[in-house]
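The chain contents come next:
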Amino acid sequence: RADGGPEGRLRLAADAALLEARGLGKSFPGVVALDDVGMVVRRGEVVAVIGENGAGKSTLMKVLAGVHEPDVGEILWDGVPVRIDSVRRAAELGIALIHQELNLCGTLSAGATVFLGREPRRRFGALRPREIDAAATPFLERVGLRVSPSMPASKLSIGQQQLVEIAKALSQDAQLLIMDEPTSSLSFDEASRLFGVIRDLRSHGVTVVYITHRLHEVEVLADRVVGLRDGRNSGELTRDRIGHRAMVRLMVGRDIEVRPRRRRPLDSPVRLAVRGLR
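Values in this document were obtained by computation on a predicted structure and should not be read as measured data.

Undergrad: Is there a simple way to think about the overall build of the protein chain in this case?
TA: Along the backbone of the protein chain there are nine helices and 10 strands. Burial analysis of the protein chain (278 residues in total) assigns 42% to the buried set. The long-range fraction of contacts in the protein chain, counting pairs at least 24 apart against all pairs at least 6 apart in sequence, stands at 63%. A total of about 16,100 Å² of accessible surface is found on the protein chain, and carbon and sulfur atoms cover 49% of it.

Written out as structure tokens, the structure reads:
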């Protein structure tokens, strides 16, 4: 129980749920993707959602981001029941989904991508490229992307393109970023930069829901873990309980023993050799 002073109010605000899902259900022909799923996300935290393939992770995220409407259940935003029936409605609330497969137009510049569909225009609809670049620069810099806003998106690396997607979400005043397997195509250095951006966003009150199969990333980033198995909640881990064995148990329902492979003798026949590969 927090007292009525400023510090108490701050603690209450920090603990309040930004988004809460209750009893969500979603079915497709022949498949029950979500069955009575619940989830709470608080302001300024990184929540990892884990589960095996087919556990319902992507479906849950698409429901929260307005791609799919749930068949049953309720979603609350800042404690108020809301209907998220489209991506536009999710964006109005402050929810942005960054897909695993990036959806950039390579012929547009980085700045134009940030403001795609919301470009500053002159009279009669003419675009204002300089104003677009000037408006996009602070958002690109906020995610640590030091490139010219006029650079074509096709010339950016995959990691840089992902940062452009995050900058685009921030330009729409996103309060909740949902990242689906964000490091699947990134190099080690690009992933490390992304982790730094996520930590910075968290420190500024932005909430991140992070989906990944790479459990070591969860141990590095997550404040809390939500597990899904066969379309249902399988449990939750707080920061002090996050560990590889505990996460595996959430995903598969039992402990898995990994036995080291026997090393082959150094003089065993060569099975594969590669030279001069480019």
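Undergrad: Looking at this model, I keep getting lost on helix α9 (residues 244–252). Mind explaining?
TA: At 3.6 residues per turn, the α-helix brings residues three or four places apart onto the same side. Those residues of α9 lying buried are A246, M247, V248, L250, M251 and V252. Contacts from the buried residues of α9 go to β3 (46–50), α8 (215–221), β9 (224–229) and β10 (232–238). Of the residues one or two after α9, G253 is the one with positive phi, at around 85°.

Undergrad: Just to check I follow, could you spell out helix α2 (residues 57–64) for this structure?
TA: Taking burial as the measure, the eight residues of α2 include six buried ones, the bulk of the element. Those residues of α2 lying buried are K57, T59, L60, M61, V63 and L64. Backbone geometry just downstream of α2 places G66 in the positive-phi region, at approximately 85°.

Undergrad: Help me out: how do you make sense of the nonpolar core in this one?
TA: Across soluble globular proteins, nonpolar side chains have a tendency to be buried as a group. Among the nonpolar cores identified, the biggest contains 32 residues, and L140, V143, I166, L177, I198 and Y210 are the most heavily contacted of them. Contributing elements (two or more residues each) for this core: β6 (95–98), α4 (110–114), α5 (129–142), α6 (158–171), β7 (176–180), α7 (188–203) and β8 (207–211). With residues up to four places along the chain from it excluded, the contact list for I166 reads I98, V143, L177, M179, L194 and L201. In terms of nonpolar packing, the next biggest core, distinct from the first, is built from 30 residues, V82, I84, L176 and L228 among them.

Undergrad: Please clarify how the packing of α6 against α7 should be interpreted in this entry.
TA: Axis angle and axis distance: for two packed helices, these are the angle between their axes and the distance between the axes, and together they describe the pair. Between α6 and α7, the least distance of the axes is 9 Å, while the angle of their chain directions is 15°. Judged on the interaxial angle alone, α7 and α6 are roughly parallel. Once α6 is placed against α7, the crossing between them reads as right-handed. Residue-level inspection shows I158, G159, Q162, L163, I166 and L170 of α6 in contact with α7, the latter providing E190, L194, V197 and L201.

Undergrad: Help me understand the packing of α5 against α6, please; the structure alone is not making it clear to me.
TA: Between α5 and α6, the shortest axis-to-axis distance is 9 Å and the interhelical angle comes to 120°. Relative to α6, the element α5 lies oblique. By crossing handedness, the relation of α5 to α6 is classed as right-handed. The segment α5 lies against α6, with F139, L140 and R142 engaging V164, A167, L170 and S171. A breakdown of the residues in the contact of α5 with α6 according to their chemical character gives five nonpolar, one polar and one charged.

Undergrad: Please clarify how a nonpolar patch on the surface should be interpreted in this entry.
TA: There is a patch of nonpolar side chains on the surface, built from L272, V274 and L277 and spanning about 380 Å² of accessible area. If you trace the backbone, L277 turns up in the segment after α9. The exposure class assigned to L277 is exposed, which follows from its relative accessible area of 72%.

Undergrad: I'm lost on the sheet that holds strand β1 (residues 17–28) in this one. Help?
TA: Consider a sheet: its strands pair through backbone hydrogen bonds, and that pairing is either parallel or antiparallel. Pairing is antiparallel in the open sheet, where four strands are placed in the order β2-β1-β4-β5. Strands at the two margins of the open sheet, each flanked by one partner only, are β2 (31–42) and β5 (80–82). On average, adjacent strands in this sheet sit at an angle of 25° to one another, irrespective of strand direction. As paired elements, β1 and strand β4 (residues 72–77) share five bridges and run antiparallel to each other. Pairing of A21 across the sheet is with I75, part of β4. Against the sheet, α2 engages β1, β2 and β4, with an angle of about 60° to β2.

Undergrad: Is there a simple way to think about the pairing of β10 in this case?
TA: Along a regular strand, successive side chains alternate from one face of the sheet to the other. The sheet contact formed by β9 and β10 spans six bridges and is antiparallel. Looking across to β10, one finds that V226 is bridged to E236.

Undergrad: What exactly am I supposed to notice about the packing of aromatic side chains here?
TA: Aromatic ring pairs are defined here through the distance separating the ring centres and the angle between the ring planes. For the structure shown, the criterion picks out one aromatic pair. Consider the rings of F115 and F139, whose centres lie 6.2 Å apart with planes at 70°: the pair is edge-to-face. You can see F115 sitting in the loop between α4 and α5 and its partner F139 sitting in helix α5, a full 24 residues away along the chain.

Undergrad: It is not clear to me how the side chain of T183 should be interpreted in this structure. Could you clarify?
TA: Here T183 shows up in the loop between β7 and α7. Excluding residues within four positions of it along the chain, T183 makes contact with A191, L194, F195, Y210, R214 and E217.

Rules of the game
Counting restarts for each chain, with residues numbered from 1 along the sequence as it is written. Reporting in this predicted model follows two pLDDT cut-offs: at least 70 for local features of residues, and 80 or more for side-chain atom pairs to be given and counted; totals over whole chains, interfaces and linings ignore these cut-offs and use all residues. Side-chain descriptors were evaluated using all non-hydrogen atoms of the structure, hydrogens and water having been removed beforehand. Here a strand is any run of E in DSSP of at least two residues, a helix any run of H or I of at least four, and the numbering for each starts at the N terminus. Burial here depends on accessible area, computed with a 1.4 Å probe over protein chains only, as a share of the maximum for the residue type. Under 20% is buried, over 50% is exposed, and the range in between is partly exposed. Note on definitions: a residue-residue contact is assigned when non-hydrogen atoms from the two residues lie within 4.5 Å. Throughout, the Shrake-Rupley method with a 1.4 Å probe supplies accessible areas, and for residues the shown protein chains are the sole cover considered. By convention a nonpolar core is built from buried Ala, Val, Leu, Ile, Met, Phe, Trp, Tyr and Cys residues, the set being connected through side-chain atoms within 4.5 Å. In this description, a line fitted to the C-alpha atoms serves as the axis of each element, helices being fitted only across the stretch in contact, and the angle between N-to-C directions of two axes falls anywhere from 0 to 180 degrees. Convention used here: angles under 35 degrees read as roughly parallel, angles over 145 as roughly antiparallel, angles from 65 to 115 as roughly perpendicular, and any remaining angle as oblique. Throughout, a crossing is termed right-handed when the near helix is turned clockwise from the far one, and left-handed when it is turned anticlockwise from it by less than a right angle. Gly is placed with the polar residues, together with every amino acid not listed as nonpolar (Ala, Val, Leu, Ile, Met, Phe, Trp, Tyr, Cys and Pro) or charged (Asp, Glu, Lys and Arg). Patch membership requires more than 30% relative accessible area and the absence of a salt bridge. Residues of like charge join within 9 Å; the nonpolar side chains Val, Leu, Ile, Met, Phe, Trp and Tyr join within 5 Å. Basic side-chain nitrogens of Lys or Arg form a salt bridge, by our definition, when they fall within 4 Å of a carboxyl oxygen of Asp or Glu. Only strands that DSSP links by at least two bridges are regarded as paired with each other. Only Phe, Tyr and Trp rings take part, Trp by its six-membered ring, and two of them pair if their centres are within 6.5 Å. Stacked means planes under 30 degrees apart, edge-to-face means over 60, and tilted covers everything else.

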